[in-house]
Amino acid sequence: MKRLLLLIVSSLALSACAGHAPTHIALSPQVPEVKQQAQGLHPLAIETLDTRSANYIVRFKNGDKAARLVSPSEPPRIQLDQVFRAGFAQAGYQIDPAAATSLQIRLEQLLTDVEEGHFSFEANSQITIDVVAKNSSQELSKRYRAKGHLTGPFGADYASLELDMNKLLEQLVRDILNDPELNQFLQH
């Protein structure tokens, strides 16, 4: 009888732990290696916007049932703004909100869709950032995209999803900071 009671209590405790999934994912994009782009200090105004239609960054699909949505622990706009300001400063630009040359960075998409089976999972990530650069006479608009695919046994663990999303963000930030066409435009 004691064994049966112990087995029931243990099963309930384990199922309670398994049913509690985190509701937030911590993104922590870092400033990637940046090539020196500007000779001398070129003033640059930077504005970062989050134009996504929803705040969640991970969507666990569950067949016909409602999807489980996971939000970022901090606003991605603020994190990306800090990364871009530090990155462009490393590249040789002087960040100045009153500069004639401006850069608007728009986070259009930041989403990982996760499908879990009985013994495996598949996660597909997509990140899209639009960049609009303006100087006194011209405008340059570019779209940058990154896609990721992650599979594994059992269910998706949050650490793997965080790592994959942070890698994709850093790749995209590196592409933007080191883009020769964008940097040439910003210096004229």
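Residues numbered from 1 in each chain as written. Predicted model: local features only at pLDDT ≥ 70, side-chain atom pairs only at ≥ 80, totals over all residues. Heavy atoms only, no water.

Caption draft 1: Expanded view of the overall build of the chain. A tally of helices and strands in the chain yields four helices and eight strands. Ordered by position in the sequence, the α and β elements of the chain form the string α-β-β-β-β-α-β-β-β-β-α-α. Put simply, the chain has 188 residues, and 39% of those count as buried. A fraction of 76% describes how many contacts in the chain between residues 6 or more apart in sequence connect residues 24 or more apart. Carbon and sulfur atoms provide 53% of the accessible area of the chain, an area that totals close to 11000 Å². (Helix = DSSP H or I, 4+ residues; strand = E, 2+ residues; numbered from the N terminus. Buried < 20%, exposed > 50% of the residue type's maximum accessible area, 1.4 Å probe, protein only. Contact = heavy atoms within 4.5 Å. Areas by Shrake-Rupley, 256 points an atom, 1.4 Å probe, with all protein chains shown as cover.)

Caption draft 2: Fine view of the environment of Gly92. Within the secondary structure, Gly92 is located in the loop between helix H2 (76–90) and strand E5 (93–95). On the accessibility criterion, Gly92 (7% relative accessible area) is buried. A sequence separation of 49 residues divides Gly92 from Pro43, and the C-alpha atoms of the two residues are 9.3 Å apart. Filtering out sequence-adjacent residues up to four positions away, Gly92 remains in contact with Gln36, Ala38, Gly40, Leu41 and His42.

Caption draft 3: Inspection of the confidence of the model for the chain at higher detail. Within the chain, residue pLDDT values average 86, and 88% of them lie at 70 or more. Every residue in residues 9–20 scores below 50 in pLDDT, and together they form zero contacts with partners more than four places removed in sequence or on other chains. (pLDDT = per-residue confidence, 0-100.)

Caption draft 4: Fine view of the pattern of salt bridges. On inspection of all chains with the given rule, the structure shows seven salt bridges. Linking Asp81 and Arg85 is a salt bridge whose minimum nitrogen-to-oxygen distance equals 2.8 Å. Separated by four residues within a single helix, Asp81 and Arg85 lie in helix H2, roughly one turn from each other. On the basis of relative accessibility, which here comes to 13%, the residue Asp81 falls in the buried class. A relative accessible area of 31% places Arg85 in the partly exposed class. A single network of salt bridges, built from pairs that share partners, joins Lys142, Asp179 and Glu181. (Salt bridge = Lys/Arg side-chain N within 4 Å of Asp/Glu carboxyl O.)

Caption draft 5: Seen up close, the side chain of Asp130. Inspection of the secondary structure puts Asp130 in strand E7 (residues 120–134). Judged by its relative accessible area of 10%, Asp130 is buried. A polar contact of 2.6 Å, which involves the side chain of Asp130, links it to the side chain of Arg143. When residues no more than four places from it in sequence are discounted, the contact partners of Asp130 are Gln104, Ile105, Arg106, Glu108, Lys142 and Arg143. (Polar contact = N/O pair within 3.5 Å; in protein donor to acceptor, adjacent residues only side chain to side chain.)

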